[in-house]
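Structural overview for review
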Amino acid sequence: MTTNTAEQTQACRARLETRFEQVEAVFEDCLTEALATLSPAGIDAWLDAARLLGKLGRGAEPMLALLEEWPSVARAVGEDELPAVMALVHRLQRSPNGRAIAPFLQTLAPVARRLHSPEQLEHYLDIVRDLAERTTGSIHGHHTTFPSPGLPDFLDKAPVLLQLLSVGGLRNWTDYGVRNYHNHPERQKEYFSLQSADSRAVMQRERHGTLLADVERKLDLYLRGLWQDSDPLVPYSTAFHELRKPMPYFDKLGIRLPDVQDDLIHADASVISGLDRYRAMLAHMVGHRRWSTPQIADNWSPFQRMAVEFLEDCRIDTLLVREYPGLRRLFLALHPKPVEDACNEETTACLRHRLALLSRALLDPKHGYRNAVLNEFVQRFHTLMQDGEASTNDMARLAIDYVARTRRQSDQLPNIHFDNTEVDYRDDNRHLWRFIEEGDEEEAFDEKRKLEPNEELKGLPPRHYPEWDHHSQSYRPDWVSLYEALHPQGQATLIDALLNKHAGTAKRLKRILDLLKPQDKVRIRFQEEGSELDLDVAIRSLIDFKGGAQPDPRINMSHRTAGRDIAVTLLLDLSESLNEKVKGSEQTILELSQEAVSLLAWAIEHLGDPLAIAGFHSNTRHDVRYQHIKGFSEPWNDEVKGRLAAMEAGFSTRMGAAMRHAGHYLGKRRTDKKLLLILTDGQPADIDVTDERALIEDARQAVNELDREGIFTYCISLDPKADEYVSDIFGRQYTVIDHIERLPERLPELFIALTK
């Protein structure tokens, strides 16, 4: 760490003003991630908010949650949302709901990533605030004295609920629970924890349409593949705007789409899926981004601007259909088909109706409308388009002519005809207009500060993993913060001495390994560089050379071994209990583990299998440490031996998170077999977990997850009492070594038996 970085870290630590040991242990890693994400003002606000949380009297948990989660929340919705979040924290602190602060902050990151926009997050905060106010009880009706029974459960389940519901659906689901169980605390808890039947039934009722969050990846690939566009997709909710329904649009921050789209069912029973409706919106907006030119709005009347927008939309749709003809069917299915005489010109303003008729006629060759002026402008539009792409200016001139030819005195009436005039796959066209206002020409967009030019990012940001809650049979999202680093080095000669100590065992293993080593070789011919000459190709090249032709330079061949395709990760439990001495011996369990791992690594290197070695320990869910000792691509050399020699034991054993992280790397190996070996001396446990079954069940769930990914897990336990719990985690995939002093001999033998 450089002097400047150390001084900055110390200054931030002093500003935080905390004496919580849990916070001190992870603060430097949290600060590294924050510096890479937040602006200087954002860093200041983050530290001030964390300091405030530490003084609420709620322990270290709220402060830890904010320090760890806020950078990822800021990446999803922007750092400007911190005041709104802290305002809700203040409200909860001043009410009897202070205990809900921790679950609120713990689940904020997965909620923000699901909502993906500041507007959506503010709607979510409104829902939480409304639920707290309506369900907090009082004795005399004046001052709230009882905390909300359902609020903590709701906050705990919010990430799960938002996987299934839009923000509007979540609001309706919450409102039902408040209205029906306001005076029944136990039933309220059952409802908001998804345990009651009507809770699940109402959720299914509100679960409709296609959620943008579920199809975002497909739409992103659609944008990139068909339209060569890669702007982020940002959702907005249509459930919180009763007077004016929002429309899709795009700006410098991304493409804005509704958070849910229902399937559209026509009278003839044909169905346009929500996904196709999203595709139509994206195609239309991409067309505007590609072909539209902004106009100065100050010189146009509202009616003229509306006509320009309709005609420009039709131009864009026409150009899109030229590029992908199949879009015509989709656009026509989504475009309303107004009836020609549906609007009474005497009593109603019919401008929107006339423009909708024109828009339909421009897209549909079989429109069947008889109005002579309408058909004249349809012909003029197609004449402009057949010479090329036309332009926004061409559409503007055509729009002025159309408004001048068709305007009526009744267009000024307040009663406007809206039926069958809204084309909901089109955007609101805000990009088409520029306004001459003071200061517009001086717009400046301040770029958020990441890292200073000469500043290096130290360490890696934490990875957040879920943890299984066996009581509710569901995951706690982003519950564990795991920090990974390269293990520091020691003296490699210590490992060489250990290998010499077990020279007899190594000699016996070598005989077995020579039998296991794949013998079948496959020739790889036509190589410019190789291990030996390919005589057939070499002779042919010589003949070509003598004959004056260009010889083939690929006259060598090489070999590869076939028959053994396996990758292995050895995961070492480095908890405090490894410092205990083996009964009847002067050696600690850690020292014996070093000897065993050294022999195993030597054996696997002899076989040529890719091997990774890592160690882990934990100090609460906020601080799981994962240390890389050997990577798959690293040879068994002095550098790796030095890391192995420097192994130290401490803290606790949060096994599930470490296994998930090891599986993250092992799952990316392109091998037929993937083996995860876990060497441990005790059951999963941590100081912040009082239920001894909790981490056992989480580790069991992690084993099931890895099994679904094709990773075979196997545990070597050094705990004499392991039979009481290890089968619950690994099934039959384990071995208990009762005589720990035999570990250096047994570990390589177990590996050989597993991989024969």
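Read on for a plain summary of the structure. (Residues numbered from 1 in each chain as written. Predicted model: local features only at pLDDT ≥ 70, side-chain atom pairs only at ≥ 80, totals over all residues. Heavy atoms only, no water.)

**Considerations on the overall build of the protein chain**
Within the protein chain, the regular secondary structure consists of 28 helices and 22 strands. In terms of overall dimensions, the protein chain has a C-alpha envelope of 105 × 105 × 55 Å along the principal axes. Counting only residues that meet the buried cut, the protein chain has 52% of its 756 residues in that class. As displayed, the protein chain offers around 36,800 Å² of accessible surface, 49% of which is attributable to carbon and sulfur atoms. Averaged over its 94 positive side-chain charges, the protein chain has a centre that lies 4 Å from the centre of its 119 negative ones. (Helix = DSSP H or I, 4+ residues; strand = E, 2+ residues; numbered from the N terminus. Buried < 20%, exposed > 50% of the residue type's maximum accessible area, 1.4 Å probe, protein only. Areas by Shrake-Rupley, 256 points an atom, 1.4 Å probe, with all protein chains shown as cover. Lys, Arg positive; Asp, Glu negative; His and termini not counted. Charge placed at Lys NZ, Arg CZ, Asp CG, Glu CD.)

**Comments concerning the sheet that holds strand β12 (residues 463-469)**
Here 8 strands make up an open sheet; going across it, the order is β12-β13-β19-β18-β17-β20-β21-β22 and the pairing mixed. Looking at strand neighbours, the two that pair on one side only are β12 and β22 (734-736), the edges of this open sheet. Across the sheet, the axes of successive neighbouring strands diverge by a mean angle of 25 degrees, strand direction being ignored. As judged from the 3 bridges shared by strand β21 (residues 712-717) and β22, these two strands associate in the parallel manner. Within the sheet, the bridge partner assigned to Ile716 lies in β22 and is Thr735. Those strands touched by helix α24 (residues 638-645) are β13 (474-486) and β19 (624-630), and its axis lies near 145 degrees from that of β19. (Pairing = 2+ DSSP bridges. Axes fitted to C-alpha atoms, helices over the stretch in contact; angles between N-to-C directions. Contact = heavy atoms within 4.5 Å.)

**A look at the packing of aromatic side chains**
Here the structure, examined in full by the defined rule, presents 13 aromatic pairs. Summarising the aromatic geometry, the rings of Phe154 and Trp173 are spaced 6.5 Å apart at their centres and angled 25 degrees between planes, so their arrangement reads as stacked. With Phe154 in helix α9 (residues 151-164) and Trp173 in helix α10 (residues 167-181), this residue pair connects regions lying 19 residues apart in the sequence. Pair check on accessibility: Phe154 and Trp173 agree, each one buried. Measuring from ring centre to ring centre gives 4.9 Å for Phe331 and Tyr425, while their planes differ by 5 degrees; the resulting arrangement is stacked. With Phe331 in helix α16 (residues 327-334) and Tyr425 in the loop between α19 (392-406) and β11 (433-434), this pair connects stretches of sequence that are 94 residues apart. (Phe/Tyr/Trp six-rings, centres within 6.5 Å; stacked < 30°, edge-to-face > 60°.)

**Notes on the packing of helix α2 (residues 21-37) against helix α3 (residues 40-54)**
At a minimum axis separation of 10 Å, α2 and α3 run at an interaxial angle of 145 degrees. Crossing geometry of α2 relative to α3 is assigned as right-handed. Touching Phe27, Cys30, Leu31, Ala34 and Leu35 of α2 are Ile43, Trp46 and Leu47, all from α3. Residues of the contact of α2 with α3, tallied by class, amount to 8 nonpolar, no polar and no charged. (Left-handed = near helix turned anticlockwise from the far one by under 90°. Nonpolar A, V, L, I, M, F, W, Y, C, P; charged D, E, K, R; others polar.)

**Re the pattern of salt bridges**
As enumerated under the stated definition, the model contains 50 salt bridges in all. A salt bridge links Asp29 to Arg625, with the shortest nitrogen-to-oxygen separation between them at 3.0 Å. One end of the pair, Asp29, is in helix α2; the other, Arg625, is in strand β19, with 596 residues separating them in the sequence. Judged by its relative accessible area of 22%, Arg625 falls in the partly exposed class. Among the ionic pairs, Arg405 bridges to Glu376, the shortest N-O distance being 2.9 Å. Residue Arg405 is located in helix α19, and its partner Glu376 is located in helix α18 (residues 372-386); the two are separated by 29 residues in the primary sequence. Judged by its relative accessible area of 32%, Glu376 is partly exposed. One salt-bridge network, in which partners are shared between bridges, spans Arg15, Asp44, Asp48 and Arg51. (Salt bridge = Lys/Arg side-chain N within 4 Å of Asp/Glu carboxyl O.)

**With respect to the sheet that holds strand β5 (residues 249-251)**
Strands sit in the order β4-β6-β5 across an open sheet of 3 strands; the sheet is mixed. In this open sheet, the two edge strands, each paired with only one partner strand, are β4 (233-236) and β5. Each neighbouring strand pair of the sheet contributes to a mean axis angle of 30 degrees, computed without reference to strand direction. Summarising the sheet, β5 and strand β6 (residues 254-258) pair through 3 bridges and their orientation is antiparallel.

**Observations concerning the nonpolar core**
Judged by nonpolar contacts, the single largest core of 68 residues is most densely connected at Trp46, Trp70, Phe104, Leu105, Tyr124, Phe154 and Trp173. In terms of residue count, helix α4 (residues 61-77) provides more of this core than any other element does, 10 residues in total. (Core = buried A, V, L, I, M, F, W, Y, C linked by side-chain atoms within 4.5 Å.)

**Here's the deal with the pairing of strand β20 (residues 673-680)**
For β20, the buried fraction is high: 7 of the 8 residues fall into the buried class. As for the winding sense of the linkage, the β-α-β connection from β20 through helix α26 (residues 692-708) to β21 is right-handed. (Right-handed = clockwise from strand over helix to strand, strands pointing away.)

Read these as spatial facts, not as claims about activity.
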